[in-house]
Amino acid sequence: MQIQENFSLKSYNSFGINATSSFFTKFTSLIELDEIYNFVSASSEMPVMILGGGSNILLTQDYTGLVAINEMHGIEVVKQDAEHVYVRVAAGENWHRFVLYCIQNSFAGVENLSLIPGSVGASPMQNIGAYGVEIKDVFHELEAYNIKERKLQKFSAKDCEFGYRESVFKRKYKGKFVITNVTFKLNKTPVFNISYGAIQQELDRMGIRELTITAISGAVIRIRQSKLPDPKQIGNAGSFFKNPTISQQTFERLRSTFPGIVGFPAKDETIKVAAGWLIEQCGWKGYRKGDAGCHAKQALVLVNYGNAKGADIYNLSTEIMHSVEAKFGIILEREVNVI
Ligand SMILES: Cc1cc2nc3c(=O)[nH]c(=O)nc-3n(C[C@H](O)[C@H](O)[C@H](O)COP(=O)(O)OP(=O)(O)OC[C@H]3O[C@@H](n4cnc5c(N)ncnc54)[C@H](O)[C@@H]3O)c2cc1C
């Protein structure tokens, strides 16, 4: 395992921020992961940041520690019964590559999650979701390396405490575990989810009459490509903010002043409000200051047009949060991990 010093992370984060890390390495096995923690404990416990695709982070400063890229690979069917197939995937696998593997093998359940950037290992971190599906819907269990005890530990779905873009790994176990593999429970007979109107409209446009997981994946890919900027062209980390949840009562009150407000019923009789709509109403859509901006097609996505610093993006996000709070009394929460 090679450790490099004073390393530029520009091509290891989808925002394309040119921050550096004091040390940088990649690991492909548990043995190498152990070596990383031997190395850092010999250097008076320097911090370690494990990264997959770097598509959910904003680097606001240089990282004084070791950045380790997870390159553990492998996809394996470990069990099956009449209805389900259980697939264990190493954490360093690319998420979309795993989705394509499922589609090729007629394993249903992740087709709505096509084209989400990043690694399989990061997918439980924030319970990734799109178009009516979250990974908790297909999750069976995961294994994670307990950094303090230097041993593997299993987590069931219950242990992970999944919520909307949340899990135990973002909260009480933050920085305490490295996810090494995830086992998914996929359906042999598909249960199609086209609850998002956009999918049906796209299927119609594609002239698809018979629903298949391939067709749904294709529709999702087309929608995403038309709406979201490609990080290879314009730096971004997808949705920068979570959609806030408010009470039914607050929603009704806001609707009397802002009849166009967009919201969807969420759990416990609350309403999930479209953060993109709130941001757009505050006039940020298409805004640009230097190289930091708010995307012209999707206000929820903050972008780096070239040489923005992480702090420029962060400051813009703070300004957006202040204006949304001033206009609607709603406090937005960042979805992206700010480093
Ligand atoms: C264009 C675009 C579209 C997106 N669309 C969506 C979407 O529709 N839905 C959605 O939910 N997200 C979306 N995202 C966000 C992102 O793709 C997901 O959060 C993804 O799971 C991040 O994976 P990653 O490997 O890049 O994580 P990274 O950015 O590398 O890491 C994210 C966090 O997880 C930690 N981490 C990473 N791997 C591990 C591991 N193995 N063990 C422990 N901790 C780890 C990191 O330290 C960091 O804190 C989008 C991003 C982009 C750029």
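For the structure itself, consult the block above.
Please read all numbers here as calculations on a predicted model, not as lab measurements.

Q: Got a sec to walk through the nonpolar core? Specific residues and values, please.
A: What tends to happen in soluble globular proteins is that the nonpolar side chains get buried as a cluster. Among the nonpolar cores identified, the biggest contains 46 residues, and Leu 278, Ile 279, Ile 313, Ile 320 and Leu 332 are the most heavily contacted of them. Among the secondary structure elements, those contributing two or more residues to this core are strand 3 (48–51), strand 4 (57–58), strand 5 (63–70), helix 6 (248–257), strand 16 (270–273), helix 7 (275–281), strand 18 (292–294) and helix 8 (310–328). Of all the elements, helix 8 adds the most residues to this core, at six residues. Non-local contacts of Ile 320, meaning those with residues more than four positions away in its chain, are made with Phe 241, Ile 279, Trp 284, Leu 302 and Leu 332.

Q: For the site of the ligand, give the residues involved together with the corresponding values.
A: Lining the immediate environment of the ligand, one finds 32 residues, of which Ile 50, Ser 55, Ser 119, Gly 129 and Arg 224 sit closest. At 2.8 Å, a backbone N or O of Gly 53 approaches an oxygen atom of the ligand. Within the side chain of Gln 126, an N or O atom sits 2.9 Å from an oxygen atom of the ligand. In the complex, the protein chains occlude 92% of the 990 Å² of accessible area that the ligand would expose alone. Residue assignment for the shell around the ligand shows that the elements contributing at least two residues are strand 3, strand 8 (129–130), strand 12 (177–187) and strand 13 (235–239).

Q: How would you summarise unusual backbone geometry if you had to cite specific residues and measurements?
A: Residue Asn 6 is not a glycine yet carries a positive backbone phi of 45 degrees. Mapped onto the secondary structure, Asn 6 falls in strand 1 (residues 4–8).

Q: So what about the packing of helix 4 (residues 197–205) against helix 5 (residues 213–227)? Which residues, and what values?
A: It is at 9 Å that the axes of helix 4 and helix 5 come closest, and there the two elements cross at 105 degrees. Looking at the two axes, helix 4 sits roughly perpendicular to helix 5. Every residue of helix 5 that contacts helix 4 at Ala 198, Ile 199, Glu 202 and Leu 203 is listed here: Ala 215, Ile 216, Ala 219, Val 220, Arg 222 and Ile 223. Broken down by class, the residue content of the contact of helix 4 with helix 5 amounts to eight nonpolar, no polar and two charged.

Q: Describe the packing of aromatic side chains, listing the residues and the values that go with them.
A: Tallied over the full model, the rule gives 21 aromatic pairs. On the basis of an interplanar angle of 75 degrees and a centroid distance of 5.6 Å, the ring pair of Phe 23 and Phe 39 is categorised as edge-to-face. Taken together, the residues Phe 23 in strand 2 (residues 20–27) and Phe 39 in helix 1 (residues 30–42) connect sequence positions 16 residues apart. For Phe 39, a relative accessible area of 27% puts it in the partly exposed group. Here the aromatic rings of Trp 95 and Phe 98 are separated by 5.5 Å at their centres, their planes lie at 70 degrees, and the arrangement is edge-to-face.

Q: I'd like to hear about the sheet that holds strand 12, residue by residue, with values.
A: Note: strands within a sheet are paired through backbone hydrogen bonds, in either parallel or antiparallel orientation. The antiparallel open sheet is built from five strands, whose spatial order is 6-7-12-10-11. Lying at the two open borders of the sheet, with one neighbouring strand each, are strand 6 (75–80) and strand 11 (151–156). With direction set aside, neighbouring strand axes in the sheet form an average angle of 25 degrees. In this structure, strand 7 (residues 84–90) lies alongside strand 12, joined through seven bridges in antiparallel fashion.

Q: An account of the pattern of salt bridges is needed here, citing residue identities and associated values.
A: Counting across every chain of the model gives 20 salt bridges. For the salt bridge of Arg 150 with Asp 34, the shortest nitrogen-to-oxygen distance reads 3.7 Å. Taken together, the residues span a long stretch of sequence, with Arg 150 in the loop between strand 10 (139–146) and strand 11 and Asp 34 in helix 1 at a distance of 116 residues. Under the relative-accessibility criterion, Asp 34 is labelled partly exposed at 27%. The salt bridge partner of Arg 165 is Glu 335, with a shortest N-O separation of 3.9 Å. Of this pair, Arg 165 sits in the loop between helix 3 (157–160) and strand 12 while Glu 335 sits in the loop between helix 8 and strand 20 (337–338), and the two are 170 residues apart along the sequence. Residue Arg 165 is classed as buried on the basis of its relative accessible area of 11%. Take Glu 335: its relative accessible area is 8%, and that puts it in the buried class.

About the criteria used
- Residues numbered from 1 in each chain as written.
- Predicted model: local features only at pLDDT ≥ 70, side-chain atom pairs only at ≥ 80, totals over all residues.
- Heavy atoms only, no water.
- Core = buried A, V, L, I, M, F, W, Y, C linked by side-chain atoms within 4.5 Å.
- Buried < 20%, exposed > 50% of the residue type's maximum accessible area, 1.4 Å probe, protein only.
- Helix = DSSP H or I, 4+ residues; strand = E, 2+ residues; numbered from the N terminus.
- Contact = heavy atoms within 4.5 Å.
- Near = heavy atom within 4 Å.
- Polar contact = N/O pair within 3.5 Å; in protein donor to acceptor, adjacent residues only side chain to side chain.
- Areas by Shrake-Rupley, 256 points an atom, 1.4 Å probe, with all protein chains shown as cover.
- Axes fitted to C-alpha atoms, helices over the stretch in contact; angles between N-to-C directions.
- Parallel < 35°, antiparallel > 145°, perpendicular 65-115°, else oblique.
- Nonpolar A, V, L, I, M, F, W, Y, C, P; charged D, E, K, R; others polar.
- Phe/Tyr/Trp six-rings, centres within 6.5 Å; stacked < 30°, edge-to-face > 60°.
- Pairing = 2+ DSSP bridges.
- Salt bridge = Lys/Arg side-chain N within 4 Å of Asp/Glu carboxyl O.

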